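Listed below are the residues making up each chain.
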Amino acid sequence: MKADGGTEAEKRRAGESAAGLVTDGQTVGLGTGSTAAHAIRALGEAVADGLDVEGVATSFASRQLAREAGVPLASLADVARIDVAIDGADQVAGGDLVKGGGAAHAREKVVAAASDRFVVVVDPSKEAPILDHPVPVEVLPAARATVERRLREAGGDPSLRSAERKDGPVVTDNGNLVLDCEFGPIEDPAGLARTLSVTPGVVDHGLFVGMADEVHCGREDGVDVRRP
């Protein structure tokens, strides 16, 4: 069965591969999305078998899934360090990512940056030679119009993300809005990331530049692991 471009088997292999890196006593960042969900479920099975870990969730969804799976949870404010973070991506090119399909990229970036090891789990449909996926930009609601103008000046074409099952826009766990911004092929991800980061009203954006320590790509016949 295919979902979002990749099969569930591919996603499961990637998630389980990354979950297998976790060892006793570690604190684990729990990402958001369908592939990261497989890692959370695999960790829950390992906890049931005696693995002693605690998870730091990046979203309401990952927190709920961790509870259902039986993974003990801690808040980011209460942990001294995160040993490994496991998360998915909307697109991967080398060590650069676009994230934010689940509108959790601000918290995901904080957890990834706080981790000693950031492991990205994807299926082959997420790999690309150059990033060209729309970049999610979390913005303060009052700053939406100002940020949209700045994004257009930077060569982007922003659109407000709408909720799927209710009227109105998507609202993040932080209470903000999301602009999905088309830039076409992103030749200079680091430069664009800097531009977005210094734009007043932007809480955070979905460009994760040079942050991935490992990429686990699930395939029908196994898992490719690379270290950018």
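The numbering scheme is per chain: residues are counted from 1 as the chain's sequence reads. pLDDT decides what is reported in this predicted model: residues at 70 or higher carry local features, side-chain atom pairs at 80 or more are listed and counted, and totals for whole chains, interfaces and linings draw on all residues regardless. To obtain the side-chain values, all non-hydrogen atoms of the structure were included, while hydrogens and water were left out.

**Q** Give me empty space enclosed by the protein: which residues, what numbers.
**A** Using a 1 Å grid laid over the protein atoms alone, points where a 1.4 Å probe fits but cannot get out form a cavity; open sets with protein on both sides within 12 Å along at least 5 of 7 lines form a pocket; any residue with an atom within 4 Å of a point counts as lining. Grid points are joined across faces, edges and corners, and a volume is the space filled by probe spheres set on the points. Scanning the model with the defined rule gives one cavity of 30 Å³ or more in all. Taken as a whole, the largest cavity holds about 30 Å³ of empty space. Every residue lining the largest cavity is listed: Gly29, Leu30, Gly31, Thr58, Ala85, Ile86, Asp87, Glu108, Val111, Ala112 and Phe118. Numbering of helices and strands starts at the N terminus; helices are DSSP runs of H or I of at least 4 residues and strands are runs of E of at least 2. Of all the secondary structure elements, the ones that give two or more residues to the lining of the largest cavity are strand E3 (27–30), strand E5 (82–87) and helix H4 (105–113). Each residue is assigned to one class: nonpolar for Ala, Val, Leu, Ile, Met, Phe, Trp, Tyr, Cys and Pro, charged for Asp, Glu, Lys and Arg, and polar for all the others, Gly among them. Taken together, the residues of the lining of the largest cavity sort by class into six nonpolar, three polar and two charged.

**Q** Pulling in residues and values, what's your account of the sheet that holds strand E15 (residues 222–226)?
**A** An order of E4-E3-E5-E8-E14-E15 is seen for the six strands of this open sheet, with the pairing classed as mixed. Strand pairing shows two members of the sheet lacking a second neighbour, strand E4 (54–57) and E15, which therefore form its edges. Strand-to-strand twist in this sheet, taken as the mean axis angle between neighbours without regard to direction, amounts to 25 degrees. Any pair of residues with heavy atoms lying within 4.5 Å of one another is described as a contacting pair. Fitted lines through C-alpha atoms serve as axes, helices being fitted only where they are in contact, and the angles separating the N-to-C directions of these axes extend from 0 to 180 degrees. Those strands touched by helix H1 (residues 8–19) are E5, strand E8 (115–122), strand E14 (214–219) and E15, and its axis lies near 145 degrees from that of E14. A pair of strands is treated as paired once DSSP finds two or more bridges between them.

**Q** I'd like to hear about the side chain of His105, residue by residue, with values.
**A** Within the secondary structure, His105 is located in helix H4. Residue classification places His105 among the buried positions, given a relative accessible area of 0%. Throughout this description, a polar contact denotes any pair of N or O atoms lying within 3.5 Å of each other; where both atoms belong to protein, one of them has to be capable of donating a hydrogen while the other can accept it, and for residues adjacent in sequence the pair is counted only when both atoms sit in side chains. Looking at His105, its side chain comes within polar contact range of the main-chain nitrogen of Glu138, at 3.5 Å. Discounting residues that sit within four places of it in the chain, His105 has contacts with Lys99, Gly100, Pro136, Val137, Glu138, Asp204, His205, Gly206 and Phe208. The cut-offs for exposure are 20% and 50% of the maximum accessible area for each residue type, with area from a 1.4 Å probe on protein chains only; residues under the lower value are buried, those over the upper are exposed, and the others partly exposed.

**Q** Pulling in residues and values, what's your account of the nonpolar core?
**A** Here, nonpolar core means buried Ala, Val, Leu, Ile, Met, Phe, Trp, Tyr and Cys residues that are tied together by side-chain atoms lying within 4.5 Å of each other. Counting residues in hydrophobic clusters, the biggest one holds 21 residues, and the most contacted among them are Val22, Val28, Leu30, Leu43, Val84 and Ile86. For this core, the elements supplying multiple residues, two or more each, are H1, E3, helix H2 (34–48), helix H3 (60–69), E5 and E8. Residue contributions to this core peak at six residues, all from H2. Beyond its immediate stretch of four places on either side in the chain, Val22 contacts Val28, Leu43, Leu51, Val53, Val84 and Ile86.

**Q** Which residues make up the pairing of E3, and what are the values?
**A** Burial of the side chains of E3 extends over both faces: Thr27 and Gly29 are buried on one face and Val28 and Leu30 on the other. As defined by bridge partners, E3 adjoins E4 across four bridges and the pair is classed as parallel. From the neighbouring strand, Leu30 faces E4, where its bridge partner is Ala57. A clockwise path from the first strand over the helix to the second, with the strands pointing away from the viewer, defines a right-handed crossover. The parallel pair E3 and E4, bridged by H2, forms a crossover whose chirality is right-handed. In terms of strand pairing, E3 meets E5 through three bridges, oriented parallel. Directly across from Leu30, in E5, lies its bridge partner Ile86.

**Q** I'd love a proper account of the pattern of salt bridges, names of residues and values included.
**A** When a carboxyl oxygen of Asp or Glu lies within 4 Å of a side-chain nitrogen of Lys or Arg, that pair is called a salt bridge. With the rule as written, the count across this model stands at 14 salt bridges. Of the charged contacts, one joins Lys99 and Glu108 as a salt bridge, the two residues approaching to 3.2 Å between their closest N and O atoms. Looking at Glu108, the relative accessible area reads 4%, which means it is buried. The partner of Glu148 in a salt bridge is Arg144, and the shortest N-O contact between them spans 3.2 Å. Of this pair, Glu148 and Arg144 both sit in helix H5 (residues 144–153), four residues apart, roughly one helical turn. Glu148 sits in the buried class, given a relative accessible area of 11%. Residue classification places Arg144 among the partly exposed residues on the basis of a relative accessible area of 32%. Look at the salt bridges and you will find they share partners, linking Glu127, Arg219, Asp224 and Arg226 into a network.

**Q** So what about the layout of surface pockets? Which residues, and what values?
**A** By volume, the second largest pocket amounts to about 260 Å³. Residue composition of the lining of the second largest pocket, by class: two nonpolar, one polar and three charged.

**Q** Requested: an account of the packing of H1 against H2, with residues and values cited.
**A** In contact at an axis separation of 7 Å, H1 and H2 are set at 50 degrees when each is read in the N-to-C sense. One finds that H1 runs oblique with respect to H2. The chirality of how H1 crosses H2 is right-handed. Taken together, the residues of H2 that come into contact with H1 (itself represented by Glu8, Lys11, Arg12, Ala14, Gly15, Glu16 and Ala19) are Ser34, Thr35, His38, Ala39, Ala42 and Leu43. Classifying every residue of the contact of H1 with H2 gives five nonpolar, four polar and four charged. When an angle is under 35 degrees it counts as roughly parallel; over 145 it counts as roughly antiparallel; between 65 and 115 it counts as roughly perpendicular; any other value is oblique. For any pair of crossing helices, the crossing counts as left-handed if the nearer helix is rotated counterclockwise from the farther one by less than a right angle, and right-handed if it is rotated clockwise.

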